[in-house]
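What follows is each chain in one-letter form.
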Amino acid sequence: MWEVSFGDEKGSHLLGWCPLHIRPHITCGAGTRARAQGNGSLVSGQGLGPRASLRLGSSRSEEVLDVREPVLKAGSSVSSRGGPQGLLAFLSVPLLVADVSDISRLLSAFHKPHAGLIQAAQQLLSDEQAPLRQKLLADLLHTVSENIAAETRAEDPPWFEGLESRFRSKSGYLRYSCESRIRSYLREVNSYASVVGVEAQEEYSRIVDVMCRELRAAQYNGSYFDRGAEAGGRLCTSEGWFCCQGPFDMDTCASKHSINPYGNRESRVLFSTWNLDHIIEKKRTVVPALAEAVTERDGREVAWEYFYSLLFTSENLKLVHIACHKKTTHKLSCDPRRIYKPQTKPKRRRPARKCQ
């Protein structure tokens, strides 16, 4: 129950759904004064001017927030008993929250939403015409529909829609997805043999075979996408959260992109647009450098392990959101000191001592 007064006018507004519980007492002022009391913190009101402020306080603390763009015109009111109006008001009133704890409570409300929130959001989305609120509602429903903890097909059938019946677990499919990417890199390396000169093709093919055996032993590094793998062998948390590692020329992702493909089917599909980007480019740089090293080895042994790490491992691979995948030339080259294995100098035999 909210008790609201605007100057001399008083009235009661029932909000059946309050997503946030910040303070037991809220005062709105600037021009027309308004007061709201209740056990929630969702604000509805009348006559708030363009520079209205919200004073959130209790017996211990008090904070002032600005309402820059009020959407409730003079004479209007919000009233709801169990319907979606509370959620609509929440989406409509842009509050600039100054207290970190308030934001934390907001996040907690959406972290474990109840059925009423989901039902209200679905009802609003079905009738909503404003693109921004459509996006907010759709994103909310997308988030709350995630079933991250579920792992098997029996536990989360919608997640497996469109996948072959042989995939029985989420980790199994995502491991396969990563393996498929690595296999495609191997095919590219193998196909380059036709470009190598005839005299070097045999050695080039031999090195590719060695790499192939190494990849088989490592199960094509499928553990990178497997949340059940050892911490050092995966690119995600134990819950399945992946964070964008940023463009090839940056240490981190400025946009803080993240995704959990284990959550729901849509996240699984969207994750397929994320890229394993080669910092030193595979097609433009690494593979041609390998072919050149084989051709010009002149008795030296090519350090295939170095090229293997550049082509197939996280030493040279960054997981990036599609917006962070720069298609420009990276202008990076292989380390010339690591292309060939160090040559061991033969030990000089000491001449035998003559018996005296």
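Not measured: the values here are computed from a predicted model. (Residues numbered from 1 in each chain as written. Predicted model: local features only at pLDDT ≥ 70, side-chain atom pairs only at ≥ 80, totals over all residues. Heavy atoms only, no water.)

Draft legend 1. How the structure looks around the side chain of Lys170. Following the sequence through the fold, Lys170 ends up in helix 5 (residues 170-191). At 2.9 Å, the side chain of Lys170 and the backbone oxygen of Asn147 are in polar contact. For Lys170, the side chain forms a polar contact with the side chain of Asp156, separated by 3.0 Å. Every residue in contact with Lys170, bar those within four places of it in the chain, is listed here: Asn147, Ile148, Ala150, Glu151, Asp156, Trp159, Phe160, Arg227, Tyr262 and Gly263. (Helix = DSSP H or I, 4+ residues; strand = E, 2+ residues; numbered from the N terminus. Polar contact = N/O pair within 3.5 Å; in protein donor to acceptor, adjacent residues only side chain to side chain. Contact = heavy atoms within 4.5 Å.)

Draft legend 2. Quick peek at the side chain of Thr313. When you line up the elements, Thr313 lands in the loop between helix 9 (304-312) and strand 10 (317-320). Classification of Thr313 as buried rests on a relative accessible area of 14%. Among the polar contacts listed, one links the side chain of Thr313 to the backbone oxygen of Ser309, at a separation of 2.7 Å. In contact with Thr313, not counting residues within four places along its chain, are Asn221, Tyr224 and Tyr308. (Buried < 20%, exposed > 50% of the residue type's maximum accessible area, 1.4 Å probe, protein only.)

Draft legend 3. The arrangement of the pattern of salt bridges in detail. In this structure the tally under the stated criterion is 14 salt bridges. Between Lys326 and Asp249 there is a salt bridge, with its nearest N and O atoms 3.0 Å apart. Here the residue Lys326 occupies a position in the segment after strand 10, and Asp249 occupies one in the loop between strand 7 (242-243) and strand 8 (258-259), the gap between them amounting to 77 residues. Relative accessible area serves as the criterion here: at 45%, Asp249 is assigned to the partly exposed category. Overlapping salt bridges, with partners in common, bring together Glu301, Glu305 and Lys341 in one network. (Salt bridge = Lys/Arg side-chain N within 4 Å of Asp/Glu carboxyl O.)

Draft legend 4. Up close: the pairing of strand 10. Of the two faces of strand 10, the one holding Leu317 and Leu319 and the one holding Lys318 and Val320 are both buried throughout. In this sheet, strand 10 lies alongside strand 9 (residues 275-278) in antiparallel orientation, the contact comprising 4 bridges. Along strand 10, the bridge assignment pairs Asn275 with Val320. (Pairing = 2+ DSSP bridges.)

Draft legend 5. Highlighting the environment of Glu305. One can find Glu305 in helix 9. C-alpha separation for the pair Glu305 and Ile339, spaced 34 residues apart in sequence, amounts to 9.3 Å. A polar contact is formed between the side chain of Glu305 and the side chain of Trp304, at a distance of 3.4 Å.

Draft legend 6. Region of interest: the packing of aromatic side chains. A full pass over the atoms with the stated rule returns 12 aromatic pairs. Ring plane angle 50° and centroid distance 5.1 Å describe the contact between Phe167 and Tyr176, whose orientation is recorded as tilted. By relative accessible area, which is 33% here, Tyr176 ends up partly exposed. Here a set of aromatic residues connected by ring pairs shows up, and it is made of Trp159, Phe160, Phe167, Tyr173 and Tyr176. Taking the ring centre of Trp159 as reference, the NZ or CZ of Arg268 above it sits at 5.2 Å. Cation over ring: Arg300 sits above Tyr340, and NZ or CZ is 3.9 Å from the ring centre. (Phe/Tyr/Trp six-rings, centres within 6.5 Å; stacked < 30°, edge-to-face > 60°. Lys NZ or Arg CZ within 6 Å of the ring centre and 35° of its normal.)

Draft legend 7. A look at unusual backbone geometry. The backbone phi angle of Asn221 is positive, close to 50°, even though this residue is not glycine. In this structure, Asn221 sits in the loop between helix 6 (198-217) and strand 7. Residue classification places Asn221 among the buried residues on the basis of a relative accessible area of 10%.

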